[in-house]
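Observations on chain architecture
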Amino acid sequence: MIRIFFFLVGFSLMVIGFVYLILYLNILTIGYNFSFYGKFISRRIECYYTIIGFIIVLLTLTIKGDKKHELYI
């Protein structure tokens, strides 16, 4: 149950981060280049949510749980 909670937290952090990454793509439409976009998003904490969420999801999918709490179907 705790793994599902962490998976959902990680997934929602990834969604929030990707939304901000897409929103900040509007910088390119007003005349800035892609290198400025890369520097800009590397300084924004909202964009780090994507990386943090991906790490949490990856850990919940790869770390094995203990056998006594698993359901055998």
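Up top you'll find the structure we're talking about.
Below you will find a few notes about this structure. (Residues numbered from 1 in each chain as written. Predicted model: local features only at pLDDT ≥ 70, side-chain atom pairs only at ≥ 80, totals over all residues. Heavy atoms only, no water.)

All right, on to helix α1 (residues 2–23) then. Taking 1.5 Å of rise per residue, the 22 residues of α1 would be expected to cover 32 Å, and the 32 Å separating its terminal C-alpha atoms lies within 8% of that figure. For α1, the set of buried residues is Gly10, Leu13, Met14, Gly17 and Leu21. Across the axial projection of α1, the buried residues extend over an arc of 100°, all falling on one side. In this structure, α1 carries Ile4, Leu8 and Ile22 as exposed residues pointing more than 90 degrees from its buried face. (Helix = DSSP H or I, 4+ residues; strand = E, 2+ residues; numbered from the N terminus. Expected span 1.5 Å × (residues − 1). Buried < 20%, exposed > 50% of the residue type's maximum accessible area, 1.4 Å probe, protein only. Arc of directions from axis to C-beta.)

All right, on to the side chain of Thr50 then. Secondary-structure assignment places Thr50 in helix α4 (residues 45–62). Not counting chain neighbours up to four residues away, the residues in contact with Thr50 comprise Leu13, Met14, Gly17, Phe18 and Leu21. (Contact = heavy atoms within 4.5 Å.)

Our focus in this paragraph is the packing of aromatic side chains. What characterises a pair of aromatic rings is the spacing of the ring centres plus the angle enclosed by the ring planes. Counted by the stated rule, this structure contains seven aromatic pairs. Geometrically, the ring pair formed by Tyr20 and Tyr24 is tilted, given 6.0 Å between the ring centres and 40° between the ring planes. Between Phe36 and Phe40, the aromatic rings sit 6.3 Å apart at their centres with planes inclined by 20°, giving stacked as the arrangement. On the criterion of helical spacing, the pair formed by Phe36 and Phe40 is a turn pair, its members being four residues apart in helix α3 (residues 34–42). Assessed through its relative accessible area of 29%, Phe36 is described here as partly exposed. (Phe/Tyr/Trp six-rings, centres within 6.5 Å; stacked < 30°, edge-to-face > 60°.)

On to α3. Turning to α3, its buried residues are Tyr37, Phe40 and Ile41. End-on, the buried residues of α3 take up no more than an arc of 90°, which puts them together on one face. The elements touched by buried residues of α3 are α1, α2 (26–29) and α4.

Looking at where Thr62 falls in the secondary structure, it is placed in helix α4. Here Leu58 takes part through its backbone oxygen, which lies 2.8 Å from a polar atom of the side chain of Thr62. (Polar contact = N/O pair within 3.5 Å; in protein donor to acceptor, adjacent residues only side chain to side chain.)

Within the largest apolar cluster, seven residues are counted, these being Leu21, Tyr24, Ile27, Tyr37, Phe40, Ile41 and Cys47. Top element by residues in this core is α3. It accounts for three residues. Setting aside anything within four residues of it in sequence, one finds Leu21 in contact with Tyr37, Ile41, Cys47 and Thr50. (Core = buried A, V, L, I, M, F, W, Y, C linked by side-chain atoms within 4.5 Å.)

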